[in-house]
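Below are the chains, spelled out letter by letter.
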Amino acid sequence: MNFELTDEQQSVKEMVRKFVDKEIIPNIQEWDRQGHFEPAILKKLANLQVMGVCIPEEYGGAGMDYNTLAIVCEELERGDTAYRTAVSVHTGLNSMTILQWGTEEQKQKYLVPQADGRKIGAFGLTEPNAGSDVAAMNTTAARNGDYYILNGSKTWISLCDVADHFLIFAKTDYGIGHKGISAFIVDRSFAGVETKAIKGKLGIRAGNTGEVFLTDVKVPIENRLGEEGEGFKIAMAALDNGRFTVAAGAVGLIEASLEASLKYCHERKTFGKEIGKHQLVQQMIAKMSANLEISRLLVFKAGWLKNQGKRNTKETSLAKWISCNAAFDAANDAVQIHGAYGYSDEYPVERFLRNSKAPVIYEGTREIHTIMQGEYALGYREDKTLRKQLPAWPFEQVSVTNYLQK
Ligand SMILES: Cc1cc2nc3c(=O)[nH]c(=O)nc-3n(C[C@H](O)[C@H](O)[C@H](O)COP(=O)(O)OP(=O)(O)OC[C@H]3O[C@@H](n4cnc5c(N)ncnc54)[C@H](O)[C@@H]3O)c2cc1C
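Residues numbered from 1 in each chain as written. Predicted model: local features only at pLDDT ≥ 70, side-chain atom pairs only at ≥ 80, totals over all residues. Heavy atoms only, no water.

**Student:** Can you explain the packing of aromatic side chains? Please cite residues and give values.
**Tutor:** Throughout the structure, instances matching the rule amount to seven aromatic pairs. Geometrically, the ring pair formed by Tyr 341 and Tyr 347 is edge-to-face, given 6.3 Å between the ring centres and 75 degrees between the ring planes. A relative accessible area of 36% places Tyr 341 in the partly exposed class. For Tyr 347, a relative accessible area of 22% puts it in the partly exposed group. Ring pairing ties together the aromatic residues Trp 31, Phe 37 and Tyr 83, which thus form one cluster. Across the ring face of Tyr 174, the terminal group of Lys 171 is positioned such that the distance to the ring centre comes to 4.9 Å. Positioned over the ring face of Tyr 147 is Lys 218, at 4.4 Å from the centre of the ring. (Phe/Tyr/Trp six-rings, centres within 6.5 Å; stacked < 30°, edge-to-face > 60°. Buried < 20%, exposed > 50% of the residue type's maximum accessible area, 1.4 Å probe, protein only. Lys NZ or Arg CZ within 6 Å of the ring centre and 35° of its normal.)

Pasting the structure below:
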C-alpha cells in the first residue's frame, strides 16, 4: 500500500489548483449570480489535457491513471461544482463509457475528439418520469433498416446546451423493463435534437443543465453502443465512473469548506477569543477534517481498484454516498461557523452549501446508495464480471512523460 501521490499526480494537482485559483475562483461568484456557464474554461482545461486525463494516449488522452482523474475533480470542485460536474459528465460518464464499450470506429470517431477536448460529451439517462427508476424510461428507439429512430425527452442533463455528443439511453424493446434498454451515441447535428436549459436551480448555477428533446432522430446503427438490450448495464457501468468523479469532487468541496472555516475561525472573535477556541466550533472543524480524510481515502481505494481493472461498483457507491453526505454537512457547518456572514454571498460558503445538494441527488440519490450498501452487506447484491471492462492502468504504450513536459 502506498498512500502518497506520485510525482506525476502531484504535478497535475498543482497544475489544476493553479488553474482554478487563477481562472475560476476570481470569476465564480459573478458567474454563479448570473447563471453563466463559461465554455472557455473547458477549452482551457482541454489545453491542459484535463478533459481526457485518464484516456489512453492512443485515443488522444493524457494516459494518466484513474486516481489522477479523482485529483483533477477534487481540485476543480475546490473552485466550483459546475466545472467538476462538466468533467464528470464529459470524461467520467461519456468518454470512459465509450472507452469501455465502444467499437474501434466509435473510439476513433467520438472518443478521440472528446479526449483532447475538441468535442464535448454529455450523458442522457434521466427522464421526466424516470430518475432512480431507470427502467421506467419512455424514450424509444425503433429499428428501421440501418437506422434507429429515437423519440422522447431527457431532463436534468448536464452540459445539454454545450455538448456535441450525447450518450442517450432508449428502449429498443418495450415491456421487458431494463433488459429492453439500449445505448446510442447521438450527435447534436442529427436532425430532431433540441436542448433547453433549466433555470431557477438551487445550486450549480454556473453550470449548464437542462432538457434534451429527441423527435424522429435518425441514428445510424453504427452509433449503437454495445449490444441491443445492453443499455442498462452500460448505464450502470458509466455510473461507476461518474460517481467516482462526483465523490472526488465532494472531497474538494469539503476541503474548500474547511479552508474557508479555518480562516474565519482565526479572524472572528466572540467573548474575547477567536471562535476557533470554542469547543463547539472545534467539533465542526474536527468533523470536516476527519471527513476530508475518510472521503479521500474511499475515493482513492475505488480508483486503485479501477487501476487494477477490478470491478468497483460497491466501493465507488460507498465513496460517493459517504463523501457527498460529508460535503453537504461540511458546507452546512461552514455556513454555521460564518454566522450571519455565511448567509450572504460576501463569503463563498453559501454557494458551497447550495452546490453540495445536487451531488446528494444525482448519480444515485443518498437513499439509493444506502440501499445498495445494505444489500451488499446482506448478500442480496453482488457484482458479476461485465462483458467489457474498463482498461486497467498502466495502459499499453503509456507514456506520461510527454504529457508532463507540455
Ligand atoms: C444538477 C443536476 C444535474 C444532473 N445531471 C444529469 C445528467 O447529466 N444526466 C442524467 O441522466 N441525469 C442527471 N441528473 C438527474 C439525476 O441523476 C436524477 O435527478 C437522480 O437520478 C434522481 O432521480 P429523480 O430526480 O427523478 O428522483 P426520484 O427517482 O423521483 O426520487 C425522488 C425521491 O425518492 C427517493 N427514492 C426513489 N426510489 C427510492 C427507493 N427505491 N427507496 C427509497 N427511496 C427512493 C429518492 O432517493 C428521492 O429522495 C442531474 C440532476 C441534477 C440535480
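There is more to say, and it comes next.
**Student:** Kindly report on the nonpolar core, identifying the contributing residues and their values.
**Tutor:** In globular proteins that are soluble, nonpolar side chains generally tend to be buried together. One finds Leu 45, Tyr 83, Phe 123, Leu 150, Phe 169, Val 186 and Ile 337 to be the most contacted residues of the largest nonpolar core, which totals 115 residues. The greatest single-element share of this core, amounting to 18 residues, is contributed by helix α6 (residues 231–267). Among all residues touching Ile 337, those that are not within four sequence positions of it are Ser 261, Tyr 264, Cys 265, Ile 275, Val 281, Met 284, Ile 285 and Met 288. (Core = buried A, V, L, I, M, F, W, Y, C linked by side-chain atoms within 4.5 Å. Helix = DSSP H or I, 4+ residues; strand = E, 2+ residues; numbered from the N terminus. Contact = heavy atoms within 4.5 Å.)

**Student:** Talk me through unusual backbone geometry; I want residue IDs and the actual numbers.
**Tutor:** Across the junction of Trp 393 and Pro 394, the peptide omega takes the value 0 degrees, indicating a cis bond. You will see that Leu 159, though not glycine, has its phi angle at about 70 degrees, which is positive. Examined against the element boundaries, Leu 159 turns out to sit in the loop between β3 (147–158) and β4 (165–171). A relative accessible area of 2% places Leu 159 in the buried class. In this structure, Asp 216 takes a positive phi of about 50 degrees despite not being glycine. With respect to the helices, strands and loops of the structure, Asp 216 is situated in strand β7 (residues 209–220).

**Student:** Summarise the site of the ligand; cite the residues concerned and give the values.
**Tutor:** Around the ligand, 16 residues are found, and the nearest of them are Thr 126, Ser 132, Trp 156, Thr 365 and Glu 367. A distance of 2.7 Å separates a nitrogen atom of the ligand from a polar atom in the backbone of Trp 156. Out of a free accessible area of 970 Å², the ligand has 64% covered by protein chains. Mapped by element, the contributors of at least two residues to the shell around the ligand are β3, α9 (349–361) and α10 (366–378). Of all the elements, β3 adds the most residues to the shell around the ligand, at three residues. (Near = heavy atom within 4 Å. Polar contact = N/O pair within 3.5 Å; in protein donor to acceptor, adjacent residues only side chain to side chain. Areas by Shrake-Rupley, 256 points an atom, 1.4 Å probe, with all protein chains shown as cover.)

**Student:** Residue-level account of the side chain of Ser 95, with values.
**Tutor:** By the element assignment, Ser 95 lies in helix α4 (residues 81–101). Residue classification places Ser 95 among the buried residues on the basis of a relative accessible area of 0%.

**Student:** I'd like to hear about the packing of helix α3 (residues 66–79) against α4, residue by residue, with values.
**Tutor:** Close contact between α3 and α4 brings their axes to 7 Å; oriented N to C, the two are set at 160 degrees. In this view, α3 runs roughly antiparallel relative to α4, as classed from their interaxial angle. Crossing geometry of α3 relative to α4 is assigned as left-handed. Each of Tyr 66, Leu 69, Cys 73, Leu 76 and Glu 77 in α3 lies in contact with α4, whose residues at this interface are Thr 81, Tyr 83, Arg 84, Val 87, Thr 91, Met 96 and Leu 99. For the contact of α3 with α4, a count of residues per class yields eight nonpolar, two polar and two charged. (Axes fitted to C-alpha atoms, helices over the stretch in contact; angles between N-to-C directions. Parallel < 35°, antiparallel > 145°, perpendicular 65-115°, else oblique. Left-handed = near helix turned anticlockwise from the far one by under 90°. Nonpolar A, V, L, I, M, F, W, Y, C, P; charged D, E, K, R; others polar.)

**Student:** Now, about the pattern of salt bridges: what can you tell me, with residues and values included?
**Tutor:** By the definition in use, this model includes 28 salt bridges. Residues Arg 366 and Glu 367 are paired through a salt bridge, measuring 2.9 Å at the closest nitrogen-oxygen approach. Several salt bridges converge on common partners, so that one network encompasses Lys 13, Arg 17, Asp 21, Glu 74, Glu 75, Arg 78, Glu 255, Glu 259 and Arg 296. (Salt bridge = Lys/Arg side-chain N within 4 Å of Asp/Glu carboxyl O.)

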